[in-house]
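A look at the structure
Residue strings, one per chain:
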Amino acid sequence: MAAADVEDFIGQNRLLSDFIETFRGVSESEKHWKSRREFLFRNISNYEEKPRVDHLLALSMVWANHVFLGCRYSTGLLEKVGEMAEGIVVEDAPVFKTRDELIKQQQQRR
């Protein structure tokens, strides 16, 4: 689902769109929210019941925190959210290096 497709989907599904908009964090930037909203739209059909929506919200935060903040999670969890987010294009996504990568880079300079 491309960004234009998401906007089209929102226009055609106003009730669902309004429901998903309630999950935007107060401090979430427009860029961050746009990507996480797309993640939610892509996966909401598999998580429509109340307890499952909470699970989807948690997975969307894991994905967003990993992409935008560089948070690290278990390999299995990252693979799951990666599959769920397949095809979502995040413009100007930050690139993070691990502590080990930074140390290795410093050692190579010596």
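Residues numbered from 1 in each chain as written. Predicted model: local features only at pLDDT ≥ 70, side-chain atom pairs only at ≥ 80, totals over all residues. Heavy atoms only, no water.

1. Focus on the overall build of the protein chain
When you go through the protein chain residue by residue, the secondary structure sums to six helices and zero strands. For the protein chain, the spread of C-alpha atoms along the principal axes amounts to about 60 × 30 × 25 Å. Across the 110 residues in the protein chain, those meeting the buried criterion constitute 30%. Within the protein chain, residue pairs in contact and separated by at least 24 positions form 55% of the contacts whose partners lie at least 6 positions apart. Carbon and sulfur atoms make up 51% of the accessible area of the protein chain, which amounts to about 7,500 Å² in all. Each charge class in the protein chain was averaged separately, 16 positive and 18 negative side chains, and the resulting centres sit 10 Å apart. (Helix = DSSP H or I, 4+ residues; strand = E, 2+ residues; numbered from the N terminus. Buried < 20%, exposed > 50% of the residue type's maximum accessible area, 1.4 Å probe, protein only. Contact = heavy atoms within 4.5 Å. Areas by Shrake-Rupley, 256 points an atom, 1.4 Å probe, with all protein chains shown as cover. Lys, Arg positive; Asp, Glu negative; His and termini not counted. Charge placed at Lys NZ, Arg CZ, Asp CG, Glu CD.)

2. Observations regarding the UniProt feature "domain: XRN2-binding (XTBD)" (unreviewed entry) in the protein chain
Under the UniProt annotation, "domain: XRN2-binding (XTBD)" (unreviewed entry) lies at residues 20-110. Measuring from the first to the last C-alpha atom of residues 20-110 gives 51 Å, for a span that is 63% helix and 0% strand. (UniProt positions renumbered as here; feature names shortened; annotations may be inferred.)

3. Topic: the pattern of salt bridges
Applying the stated criterion to the full structure yields four salt bridges. The residue glutamate 30 makes a salt bridge to arginine 24 at a minimum N-O spacing of 3.2 Å. Among the residues examined, arginine 24 registers a relative accessible area of 31% and is labelled partly exposed. Close ionic contact of arginine 42 with glutamate 38 constitutes a salt bridge, the shortest N to O distance being 3.0 Å. You can see arginine 42 and its partner glutamate 38 sitting in helix α3 (residues 30-43), four residues apart, about one turn around the helix. (Salt bridge = Lys/Arg side-chain N within 4 Å of Asp/Glu carboxyl O.)

4. Things to note about the packing of α3 against helix α4 (residues 50-69)
Taken N-terminus to C-terminus, the directions of α3 and α4 make an angle of 140 degrees; their axes are 10 Å apart at the nearest point. By the angle class used here, α3 and α4 are oblique. Of the two elements, α3 crosses α4, and the hand of that crossing is right-handed. In contact with Lys31, His32, Ser35, Arg36, Phe39, Leu40 and Asn43 of α3, α4 contributes Leu56, Leu57, Leu59, Ser60, Met61, Trp63, Ala64 and Phe68. Residue composition of the contact of α3 with α4, by class: nine nonpolar, four polar and two charged. (Axes fitted to C-alpha atoms, helices over the stretch in contact; angles between N-to-C directions. Parallel < 35°, antiparallel > 145°, perpendicular 65-115°, else oblique. Left-handed = near helix turned anticlockwise from the far one by under 90°. Nonpolar A, V, L, I, M, F, W, Y, C, P; charged D, E, K, R; others polar.)

5. Quick look at the packing of aromatic side chains
Within this structure, the stated rule accounts for two aromatic pairs. Ring plane angle 85 degrees and centroid distance 5.0 Å describe the contact between phenylalanine 19 and phenylalanine 23, whose orientation is recorded as edge-to-face. Classification of phenylalanine 19 by relative accessible area gives partly exposed; the value is 38%. Taking the centre distance of 5.4 Å and the plane angle of 20 degrees together, the rings of phenylalanine 39 and tryptophan 63 count as stacked. (Phe/Tyr/Trp six-rings, centres within 6.5 Å; stacked < 30°, edge-to-face > 60°.)

6. Examining the packing of α4 against helix α5 (residues 75-84)
Where α4 meets α5, the closest approach of the two axes is 10 Å, and the angle between their N-to-C directions is 95 degrees. Considering the angle they form, α4 stands roughly perpendicular to α5. The segment α4 lies against α5, with Leu56, Leu59, Val62, Trp63 and His66 engaging Leu77, Leu78, Lys80, Val81 and Met84. Here the residues of the contact of α4 with α5 are counted per class, giving eight nonpolar, one polar and one charged.

7. Let's talk about the environment of glutamate 91
Along the chain, glutamate 91 falls in the loop between α5 and α6 (99-109). The sequence separation of glutamate 91 and leucine 16 amounts to 75 residues, and the corresponding C-alpha distance is 25 Å.

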